[in-house]
Amino acid sequence: MSKAGKGGSDKLQQKSPAEFFAENKNIAGFDNPGKCLYTTVRELVENALDSAESISVLPLVEITIEEVSRARLNTLRGLGDHARVDEQLYHDYESEDARKKRLAKEAKEKQRLEKLAASKGEAAAAAAAADAARKAADGKKAGPARGTLFYKVTVKDNGCGMSHADIPNMLGRVLSGTKYGVKQTRGKFGLGAKMALIWSKMTTGLPFSISSALRKQDFRSQYELDIDIHKNAPNVHSAAKLPNADGWHGACLSLTIEGNWSSYRAKLLKYLRQIAVITPYAQFSFQYIAEDPKSSLKLTFRRRTDVMPPPPKITKHHPSSVDLELVKRLITETKATSLSAFLTREFDQVSKALSGRLIGELRSGGVNASTDPKQLSSQQVVRLHQLLHEVRFADPSGSHLSPAGEYNLRLGVMKELQPELIATHAGDVRVFEGHAFIVEAAVSLGGRELRPGINVYRFANRIPLLFEGGSDVITRTATKRINWGSYKINQSSDRVGVFVSIVSTKIPFKGAGKEYIGDDVEEMVSAVKAAIQQCCAQLRVKIAKALALREQQQRRRNLTKYIPDAAGAIFTVLAAMAGSDPRGPKRRRLQDSSNLLQQVARKEVVQAMLEKKLAEHVERIDTDMALEFQVAQGLAGGAAKQQLWLAPLCDKTHYGAELHANACVVRLLH
């Protein structure tokens, strides 16, 4: 509403949804050029995953970010080169004093690199030079007209595609799409790629290009369009149907936006690695094309499994989760002609018998089972809403959810981080405010790209959360509510990875940008803590086994180390006794028992033989101790027992070095 009308009169103005998000773009994660580039890629990638998973096809996503110089952008806009009249007006103007300071600084840096090359070698100097060049390039991009600040982002997938007639409205109209309803979705606002398209229009004014084809469709839809922000309507520049000879299906969307690759490069690559962790059944190809080929980058996150989680299903509203306005909307939209049918058709966990009992509570208000819900008065609707929140209903089953699965989570972590130890756990279905949710967790030790301490990786509805992690329920639980020492894990020095994935039809996000999950939902806190603790309990057993194995190996190394000295000392004593008085009592006992001294005298027993016998004895004792430990661990852990029968060793039965069974391995020691 505006109060600047003539004569003091107020003028009522109405904004379209597109205008609202254009003016409040930070709500959707478009805070600054770097974050805008990151969010654009994220939205397009997640749309691509949803599209492929909706038709149960293993996702293949190709992402390309290409630098676009200002000169090239002007060409795309149809602008020619314009000679500058007043250089001092521009951001990249450099005064004579500034030029002298820059040259002096460059000369000083060159001297430093020469000294570094002389002292530490050419490799160190080259690395330092590259770092200095990157910083200098970043410094030159401080002003809006400097360097490359524009990027062409292209994402291609092999998903379901879009029908030709629906493309303009699906991409050119805010708050229109296919992801609305009670369903687990990756999106946070329902904007999808539309906010990226608004950002493209705001910063470059260029239309975006979309190519799409449905399965078994003999043509490709090719559009160039943008969004009319004021009308919240698509503005189609061109539309065509092109031949689809190779039978491709999916979508390829390309747009040019303002961004900042250098400041958000690490975040983008971290996002791609984490999305590869939670979706190991997908393959991602990423390419960054710079104007300088030396700065280009190409990465592939390969598929490691063909096991996909089942797609999420649309479910009905749970009675305890609805508000008054939602009840009114359901009454308006329902096709049921009786109140009994309305309750059973529109709400989860309401059977025909239960609907009759609910209607019985409403009879005092003049309502019965055959009452048309559309004929309910305002007071009767309010009473119905009140009743739905007072009655105890069964919890939702959670069968409509689609968690990543323990197998995929474990495989994704192992594929991308290669940890030394890992444990995973999938929790049971839990409920808050009538919405089912499932928590899955993995805890790893060691691996690449992990710093000493607790490294937290957060996922909500199978998408990574990279910002505002300090207030997140997962971070706070992992760092403040777990006693890591009781699980033989050092919270400060061990490299611990904590991966927690939460899926639900309603994620309790906090903050304007929905970047973290609130720490104030008790059910969520309890579920996250329980999942992490289950992983830690598994790791404690693995760590104990690893420590026992390490001690066993160390003990064996120590004993083996002293075998030559022990064998030499024993042989020296035996050789001395073999040459002594044969009537001595010690020699007489040795001769009577095994003729050992005579064998030493005849050189049938030598030092090498003693070393061999001692080594065999050490191995036998070591094997026996390891077997005893494994048996004790199996009994303590409640391992299953299995009976094993061995036939007598004779000419008819021959055994190899080891006998393998489901519960054990038997080694025959001869």
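Residues numbered from 1 in each chain as written. Predicted model: local features only at pLDDT ≥ 70, side-chain atom pairs only at ≥ 80, totals over all residues. Heavy atoms only, no water.

## Considerations on the nonpolar core
Grouped burial of nonpolar side chains is what soluble globular proteins tend to show.
Thought 1: With 68 residues, the main nonpolar core has Ile63, Ile65, Leu255, Trp261, Phe284 and Phe286 as its most contacted residues.
Thought 2: With ten residues, the top contributor of residues to this core is helix H8 (residues 261-278).
Thought 3: Once residues lying within four places of it in the same chain are set aside, the contact partners of Leu255 are Thr40, Leu44, Tyr151, Lys152, Val153, Ala196, Leu197, Ser200 and Phe208.
Thought 4: If you look at the next biggest cluster of nonpolar residues, it comprises 35 residues, including Leu465, Phe509, Cys535 and Leu539. (Core = buried A, V, L, I, M, F, W, Y, C linked by side-chain atoms within 4.5 Å. Buried < 20%, exposed > 50% of the residue type's maximum accessible area, 1.4 Å probe, protein only. Helix = DSSP H or I, 4+ residues; strand = E, 2+ residues; numbered from the N terminus. Contact = heavy atoms within 4.5 Å.)

## Re the side chain of Ser221
Thought 1: Here Ser221 lies in strand E4 (residues 219-228).
Thought 2: Given the relative accessible area of 0%, Ser221 is considered buried.
Thought 3: Reaching out from Ser221, the side chain makes a polar contact with the side chain of His164 at a distance of 2.9 Å.
Thought 4: Here Ser221 is in contact with His164, Ile167, Ile210, Ser211, Ser212 and Ala240, once residues within four sequence places are set aside. (Polar contact = N/O pair within 3.5 Å; in protein donor to acceptor, adjacent residues only side chain to side chain.)

## Digging into the packing of aromatic side chains
Aromatic rings in a pair are described by how distant their centres are and how their planes are angled relative to each other.
Thought 1: This structure, assessed with the given rule, holds ten aromatic pairs.
Thought 2: Cluster of aromatic residues (ring-pair linked, three or more members): Tyr38, Tyr264, Tyr271 and Phe467.
Thought 3: Positioned above the aromatic ring of Phe150, the side-chain terminus of Arg77 is 6.0 Å from the ring centre. (Phe/Tyr/Trp six-rings, centres within 6.5 Å; stacked < 30°, edge-to-face > 60°. Lys NZ or Arg CZ within 6 Å of the ring centre and 35° of its normal.)

## Topic: the pairing of strand E3 (residues 208-213)
In regular strands, side chains alternate between the two faces of the sheet.
Thought 1: Of all six residues in E3, five are buried; the element is thus mostly enclosed.
Thought 2: Direction of pairing for E3 relative to E4: antiparallel, over a ladder of five bridges. Following the sheet pairing, Ser212 is matched in E4 by Ser221.
Thought 3: Turn length for the E3-E4 hairpin, with the two strands adjacent in sequence and antiparallel, is five residues, and the turn residue Lys216 shows positive phi of about 60°.
Thought 4: Taken together, the five bridges between E3 and strand E6 (residues 250-258) define a ladder with antiparallel strand orientation. From the neighbouring strand, Ser211 faces E6, where its bridge partner is Cys252. (Pairing = 2+ DSSP bridges.)

## Quick notes on helix H14 (residues 473-480)
Thought 1: Considered for burial, the residues of H14 that qualify are Val473, Ile474, Thr475, Thr477 and Ala478.
Thought 2: In this structure, the buried side of H14 is in contact with strand E12 (453-460), strand E14 (495-504), strand E16 (516-517) and helix H15 (522-578).
Thought 3: N-capping of H14 is provided by Asp472, with a side-chain oxygen placed 2.7 Å from the backbone N of Ile474.

## As for the sheet that holds strand E2 (residues 150-156)
Two modes of strand pairing occur in sheets, parallel and antiparallel, and in both the strands are linked by backbone hydrogen bonds.
Thought 1: The strand order across the open sheet built from eight strands is E5-E4-E3-E6-E2-E1-E7-E8, with neighbouring strands paired in mixed fashion. One side of each edge strand has no neighbouring strand; the edge strands of this open sheet are strand E5 (233-243) and strand E8 (297-301). With direction set aside, neighbouring strand axes in the sheet form an average angle of 15°.
Thought 2: Strand direction decides the pairing type here: strand E7 (residues 283-289) and E8, joined by five bridges, are antiparallel. Within E8, the position partnered with Phe286 by the bridge is Leu299.
Thought 3: Against the sheet, helix H2 (residues 33-53) contacts strand E1 (60-68), E2, E6 and E7, and its axis sits at roughly 10° relative to E2.
Thought 4: Set on the sheet, helix H7 (residues 194-203) makes contact with E2, E3, E4 and E6; between it and E6 the angle comes to about 40°. (Axes fitted to C-alpha atoms, helices over the stretch in contact; angles between N-to-C directions.)

## Things to note about the packing of H8 against helix H13 (residues 406-417)
Thought 1: Contact geometry of H8 with H13 gives a least axis separation of 7 Å together with a crossing angle of 140°. Relative to H13, the element H8 is oriented oblique. Between H8 and H13, the contacting residues are Arg273, Ala276, Val277 and Ile278 on the first element and Asn408, Leu409, Gly412, Val413, Lys415 and Glu416 on the second. (Parallel < 35°, antiparallel > 145°, perpendicular 65-115°, else oblique.)

## A look at the confidence of the model for the protein chain
Thought 1: For the protein chain, per-residue confidence averages 83 on the pLDDT scale, and residues scoring 70 or more make up 83% of the total.
Thought 2: Every residue in residues 140-147 scores below 50 in pLDDT, and together they form 14 contacts with partners more than four places removed in sequence or on other chains. (pLDDT = per-residue confidence, 0-100.)

## Points about the state of the cysteines
Thought 1: Applying the stated criterion to the full structure yields zero disulfides.
Thought 2: In this structure Cys536 is a free cysteine whose sulfur lies 6.8 Å from that of Cys535, the closest cysteine sulfur available.
Thought 3: A relative accessible area of 0% places Cys536 in the buried class. (Disulfide = S-S within 2.5 Å.)

## Structural notes on the environment of Ala341
Thought 1: Along the polypeptide, Ala341 turns up in helix H10 (residues 339-346).
Thought 2: When the C-alpha atoms of Ala341 and Ser351 are compared, they prove to be 9.8 Å apart, with ten residues separating the residues in sequence.

## Quick notes on H2
Thought 1: A rise of 1.5 Å per residue sets the reference length of H2, with its 21 residues, at 30 Å; its end C-alpha atoms lie 30 Å apart and thus fit the reference within 8%.
Thought 2: Burial analysis of H2 places 19 of its 21 residues in the buried class, the great majority of the element. (Expected span 1.5 Å × (residues − 1).)

## Some details on the packing of H2 against H8
Thought 1: It is the contact of H2 with H8, at a shortest axis distance of 8 Å, that shows an interaxial angle of 25°. In this view, H2 runs roughly parallel relative to H8, as classed from their interaxial angle. As for how H2 packs across H8, the hand of that crossing is right-handed. The segment H2 lies against H8, with Gly34, Lys35, Leu37, Tyr38, Val41, Arg42, Val45, Glu46 and Leu49 engaging Trp261, Ser263, Tyr264, Lys267, Leu268, Tyr271 and Ile275.
Thought 2: Looking at the contact of H2 with H8 residue by residue, the classes come out as ten nonpolar, two polar and four charged. (Left-handed = near helix turned anticlockwise from the far one by under 90°. Nonpolar A, V, L, I, M, F, W, Y, C, P; charged D, E, K, R; others polar.)

## Structural notes on the environment of Thr305
Thought 1: Note that Thr305 resides in the loop between E8 and helix H9 (324-333).
Thought 2: Its relative accessible area of 7% is what places Thr305 among the buried residues.
Thought 3: In sequence terms Thr305 and Leu411 are 106 residues apart; their C-alpha atoms lie 8.2 Å from each other.
Thought 4: Look past the residues within four positions of Thr305 in its chain and what remains in contact with it is Leu58, Pro280, Tyr281, Tyr407, Asn408 and Leu411.
Thought 5: Among the polar contacts listed, one links the side chain of Thr305 to the backbone nitrogen of Val307, at a separation of 3.1 Å.

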